[in-house]
Amino acid sequence: RRSVIVRAQTEEASSPQSEVARKWARSTTKQDDEAYLTPDVMMVFHHPTVQLGDEEQRVTPEMLQRIFCHVGVSSTVAQEYGACFPRVTVAAQGEPTLGMLRHAFFLDVCEYLAGVGMEVKVFSSVDDDEVFVRVGLRDEGIIVHHAERQNWQCQLRKEIVALLGIRQDPQDPASSPPYVPFNKGMVQQMVNAGLLQEGSEVMDVYRTFHGVIPGGSILSASDRIRIILRQICQHIDIDEAEIQGLLVDWFPVHSRTRVEDLRAVWGEAWHDPSFRQPIQTINQYFGPRVAFFFAWTGFYCKGLTCLAIPAVLFVGLMAASLYIPEGKLALGIAELGFAACLLVWAVVTLRLWVRQQEFFIQDWDWQLHPESEGHRPGYVGNMETSEVNELEQEKRYPPEQAALWWSVSTGVTVLFCLVDLICIGIWVAVFQVSVTAQGFDITAFVMLAVIIKVFEVVYIPVAVYLNDLENHRTEEAHTNALVWKIFAFQAINYYAPFFYVILVQPHSTGCPEVVGFGADCVMAIRMELIVTLLALIVFRIAEVGLHFWYIRWQLESELAKVETADGKEVARSYMEEQGKYYEVRDKESIELHIQLLVSLGFVLLFGSVIPIVSVFALVMFVTTLRSAVYMHTHLMKRPIPRRALGIGPWQHLVIGLTVAGILMGGLTLSFHGVLLRDATTVARVSFCLAWFMGGLAVFAICTLLLPSEDATTALLVRRRAYVESRLHTKLGTAMLTSRRDGLTATQRRVLRVATVAKSLRQAENWAVLAEEKWEQIPHLDAGHPDWRALGPVPER
């Protein structure tokens, strides 16, 4: 078993799509029982024996509707709800208390998950105040059932391509086999067509993932997590259940072995100047949303490294121009040259990233199957006739009410922006920005950084609340709306002071006098920009440090409360420890993206006349990249492996900043550049218009020369289409249809009852839960049979 798993990992890592193939192949992976016992999802409940003081609190019908009103779209799901959660249904018919509902919810969730084929195991925390429910999808028959039921996209094995009479270089990144809807009947069809032998299984057709299930599985860990969460969220808004106190926490579980491997090949590479990352492995473990974030961050780290070289040369020339005759002319020419270099760099880097992103989208096959097709768990609405099928009902939210909340949300955001501008105006009035060659007023810059950070801390929770009020139907719409709100405010919060100095101050109070340069507003904001970027870097490092010490304090405090009879130190499992890790959801992810986008915006908007800002932006990107890698491999809970079509709305924001940067480049060069300092207003306006039109022309030319699909991506699409066409020819149209097992509805119900009974018998400690013997729930400690595999915590 060990040799099969290691060989499979080595073959996968040797693919040219992996940037650290050799390093990954050499890494030693410990394959012990831990892989087969680690659950996919952990749910943490209050221990039934612990009194929290709110047990007698009455539960309102609105609360029940928010939590238990199914998220499914059909009335059929509503009819099944009572059967899936019988205790909750009975409790809701009277006047339930929070204690009664918490008790019923705990038992119903365990029974429901076991009933749909999940492996459910229960253990108590070290201090006996929480119950951990380990949920895993392990039975291959159940996995096949869910994959076929949900038309899961599974990748064909490379051997199938060869069996179809197609020869492709297996080492070529464009030779990745296509994804097709899972169809169990395809195995027999291939046998009938002479492609496979009798007795072949689904794993002979579809790509197999090793490391968890003996013999492998057609679904990766991320796929199993998605299926489990989709099964839960079909009936429960799990986040709302946590908010209302029915649930302590829930999170996808880290695999100790995979985390140690990631630390070895990725987390310890902080000194690698090439910024190479195992993106394919990150996608398989964390999901595409996280993978796209690290791919984009690493890509722009490389790009900013290239830009920082001419920026440093320009800064050296600027310092030398003070002592060289006719240095002003040389400085002006160099300034114009760097601005042109920045313009070309911004457009080319953007287009190259779009090409790389498109390859990943095609390679991971996310372009046709976005996760946003389903309803968001927190979506509320009235049950109305479905627009798709009039025989069913679905949740629908009144459009006029949605428009009302959008107007309120937009108005509050605009109000925050106005208050922010007023505070910046007060800052300008109190601290008139004045810079000389000998010194500067650090108090003004520190106060500006404080104003920016205070408004950021205050507004973001308000934006999250307003976004929830808008009640978006899908996760994609919910996340995109939050991104646009936060960025619109942060753009004003961070950029407004610099726009004032560049565009307004020359015509109001005038630019300050700088020794050797005269009246110069650009010199006035150079130190201001540097201090702001340094503040972002310091805040990022401090944030990681605070999370580290806070998590460590939580873990030590919990152990300090527990005493053993023999006085020995209490052992705690790695799974239980993850409950104290830092959790990243949409808000935290957006904040991390915003910090990088703001830094990039400083380069695109003001880099034409302040080249040194690109160096500090590079430091910000590198700091964020390395700190994020450390957080993901040491301090963070495993993120939900959400699907993503690239970096989503962030790409539109980068395009907008690029176009705005072209315009700002023309304005700053025209009115603050060395060459046009003594020019007439007409000449300055003409140069600005010419620069902007030329920049747009460069953008258009680069878009034509660097299309979204490069040759490798286009070849990948063509080869996959050819393989699907050949497979269609061999098997017929039936291969594209995910057929069921051919059972009647009555036979399926009988099979479901048998599956439920079997799953409950296999559920660990189910007798203890059913008989409510809460004190007998075991700890996952040295005395537990799974401790050897799951207990020890990997070193930090």
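Above: the structure in question.
Bear in mind the structure is a predicted one, so any value in this text is a computation, not a measurement.

Next up on the list: the overall build of the protein. A count of helical and extended segments in the protein gives 29 helices and 10 strands. In the protein, which comprises 796 residues, the proportion classed as buried is 54%. The contacts in the protein between residues at least 6 apart in sequence include a share of 79% that link residues at least 24 apart. Carbon and sulfur atoms make up 61% of the accessible area of the protein, which totals about 34700 Å².

A few words on helix α18 (residues 442-470). Side chains of residues three or four places apart in an α-helix project in the same direction, reflecting 3.6 residues per turn. If you check α18, its first and last C-alpha atoms are 42 Å apart, about what 29 residues at 1.5 Å a residue would give, namely 42 Å. Within two residues after α18, Asn471 carries a phi angle of roughly 55°, on the positive side.

Attention shifts here to a nonpolar patch on the surface. Taken together, the side chains of Ile442, Val446, Val450, Val454 and Val458 define a hydrophobic patch exposed on the protein surface, amounting to about 380 Å² of accessible area. Summarising the element assignment, Val454 is placed in helix α18. Accessibility expressed as a relative area gives 45% for Val454, which makes it partly exposed.

This part takes up unusual backbone geometry. With the exception of glycine, the majority of residues adopt a negative phi angle, and the majority of peptide bonds are in the trans configuration. Within the chain, Asn151 stands out as a residue other than glycine whose phi angle is a positive 50°. Relative to the helices and strands, Asn151 resides in the loop between α8 (140-149) and β4 (153-155). Of note, the phi angle at Asn471 is positive, near 55°, even though the residue is not glycine. Within the secondary structure, Asn471 sits in the loop between α18 and α19 (475-504).

Our next topic: the sheet that holds strand β2 (residues 119-124). Reading across the sheet, the 4 strands line up as β2-β3-β1-β6 and stay open at both edges, with antiparallel pairing between neighbours. Sheet topology places β2 and β6 (249-252) at the edges, where each strand pairs with a single neighbour. Averaged over all pairs of adjacent strands, the angle between strand axes in this sheet comes to 20°, irrespective of strand direction. In this sheet, β6 lies alongside strand β1 (residues 41-46) in antiparallel orientation, the contact comprising 4 bridges.

Before going further, it helps to examine the side chain of Arg355. You can see Arg355 is positioned in helix α16 (residues 327-364). Buried and unpaired, Arg355 has no salt bridge, with Asp710 as the nearest side chain of opposite charge at 4.5 Å.

This part covers the packing of aromatic side chains. Tallying each qualifying case throughout the model produces 32 aromatic pairs. Summarising the aromatic geometry, the rings of Tyr495 and Phe499 are spaced 6.5 Å apart at their centres and angled 75° between planes, so their arrangement reads as edge-to-face. Of this pair, Tyr495 and Phe499 are both found in helix α19, 4 residues apart, which corresponds to roughly one turn of the helix. Judged by relative accessible area, Tyr495 falls into the buried class, the value being 3%.

Further remarks concern the pairing of strand β3 (residues 130-136). Within β3, 7 of the 7 residues are buried, which leaves the element mostly enclosed by the surrounding structure. When β1 meets β3, the two strands line up antiparallel, connected through 6 bridges. Each bridged residue has a counterpart across the sheet, and for Phe45 the counterpart in β3 is Val131. In this structure, β2 lies alongside β3, joined through 6 bridges in antiparallel fashion. The residue bridging Val120 from the neighbouring strand is Val135, located in β3. Here β2 folds back onto β3 in antiparallel fashion, the turn holding 5 residues, of which Asp128 has a positive phi close to 60°.

The rules behind these values
Residues numbered from 1 in each chain as written. Predicted model: local features only at pLDDT ≥ 70, side-chain atom pairs only at ≥ 80, totals over all residues. Heavy atoms only, no water. Helix = DSSP H or I, 4+ residues; strand = E, 2+ residues; numbered from the N terminus. Buried < 20%, exposed > 50% of the residue type's maximum accessible area, 1.4 Å probe, protein only. Contact = heavy atoms within 4.5 Å. Areas by Shrake-Rupley, 256 points an atom, 1.4 Å probe, with all protein chains shown as cover. Expected span 1.5 Å × (residues − 1). Patch = residues over 30% accessible without salt bridge, like charges linked within 9 Å, V, L, I, M, F, W, Y side chains within 5 Å. Salt bridge = Lys/Arg side-chain N within 4 Å of Asp/Glu carboxyl O. Pairing = 2+ DSSP bridges. Axes fitted to C-alpha atoms, helices over the stretch in contact; angles between N-to-C directions. Lys, Arg positive; Asp, Glu negative; His and termini not counted. Phe/Tyr/Trp six-rings, centres within 6.5 Å; stacked < 30°, edge-to-face > 60°.

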